[in-house]
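Listed below are the residues making up each chain.
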Amino acid sequence: MFWKKKKMHYQLMQDKPLNTPIRDLSFTVFDTEATGFAVGGRDRMIEIGAVQVENLQVTDRTFQTYVNPNREIPDRIQKLTGITEEHVANAPEAFEAIESFYEFIERNESDGWVGHYLAFDVTVLKKELLRYKYTFDEPLYIDTLDLIGFLAPSWDMRDLQHYALNFGTKIFERHSAVGDALTTAHLLVELLHYLEDRGKTTLGDLSDITSPEKGSWAFQR
């Protein structure tokens, strides 16, 4: 039986001119945690965390929720993330959690989504919504790996902490969604300063660097 996907109506990005300076933009930097990597199959989301970046500064506006996956959390994931069955037992299910996250994005008038290896986190959201037969209008995606790839071309993809150490930015609690979002946010700000030094100063420049046609790490790897 065929079914039609329903669209979620949240404003997930603003309609800004391409000549808008990067330093005038607002970004939602986010991360997800899941019961494993097979999010198209049995694995489910267990946490969403986000922080807002505005005017090349990490703000104190954050979002965090655990998510009830309606399945057990493997021991190795509990050890890695610190998220236990008790954390998710009374947490909202995925659809409600994602709605709350989208409300945070809308409220903060975000100009785009940012993540480190963003493809995984976007896939987590899409697969969860697909279970409820929902989709959404996709915003501008910015993967810190693309920015790093532009600044220092390499086929070698490394862990978030590796790049934070290399660029001398703050590291927060690892494998916590909000902790990794904060680590990514501070790395993003540093990378955007480097881009400005290279003469890449506008939304158009950023869109060009992160476009799939340029071999985006986010959606081509």
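Reading guide: rules and limits
Residues numbered from 1 in each chain as written. Predicted model: local features only at pLDDT ≥ 70, side-chain atom pairs only at ≥ 80, totals over all residues. Heavy atoms only, no water. Helix = DSSP H or I, 4+ residues; strand = E, 2+ residues; numbered from the N terminus. Buried < 20%, exposed > 50% of the residue type's maximum accessible area, 1.4 Å probe, protein only. Expected span 1.5 Å × (residues − 1). Salt bridge = Lys/Arg side-chain N within 4 Å of Asp/Glu carboxyl O. pLDDT = per-residue confidence, 0-100. Contact = heavy atoms within 4.5 Å.

*Asks:* Now, about unusual backbone geometry: what can you tell me, with residues and values included?
*Replies:* Glycine aside, negative phi is the norm for most residues, and most peptide bonds take the trans geometry. One non-glycine residue with positive phi stands out, namely Leu56, at about 60°. The topology assignment puts Leu56 in the loop between strand S3 (45-54) and strand S4 (57-66). Assessed through its relative accessible area of 8%, Leu56 is described here as buried. Of note, the phi angle at His175 is positive, near 60°, even though the residue is not glycine. Topologically, His175 is positioned in the loop between helix H6 (160-167) and helix H7 (177-197). According to the relative accessible area criterion, His175 is partly exposed, its value standing at 26%.

*Asks:* Outline helix H4 (residues 118-131), supporting the account with residue identities and numerical values.
*Replies:* Here H4 contains 14 residues, and its C-alpha end-to-end distance of 20 Å stays within 8% of the 20 Å for a straight helix at 1.5 Å per residue. Turning to H4, its buried residues number three or more, namely Leu118, Ala119, Phe120, Asp121, Val122, Val124, Leu125, Glu128 and Leu129. Of the residues flanking the end of H4, it is Lys133, one or two places downstream, whose phi is positive at about 65°.

*Asks:* Mind laying out the pattern of salt bridges, listing which residues take part and the relevant values?
*Replies:* Counted under the stated rule, the structure contains 12 salt bridges. The residue Glu128 makes a salt bridge to Arg131 at a minimum N-O spacing of 3.2 Å. Residue Glu128 and its partner Arg131 are both found in helix H4; the two are separated by three residues, about one turn of the helix. Since its relative accessible area comes to 1%, Glu128 is described here as buried. Among the salt bridges present, the one from Arg174 reaches Asp180, with a minimum N-O distance of 2.8 Å.

*Asks:* Please give an account of the confidence of the model for the protein that cites residues and values.
*Replies:* Taken over all residues, the pLDDT of the protein has a mean of 92, while the share at 70 or more is 93%. Taken together, the stretch residues 217-221 has pLDDT below 50 and engages in 21 contacts with residues farther than four places along the chain or on a different chain.

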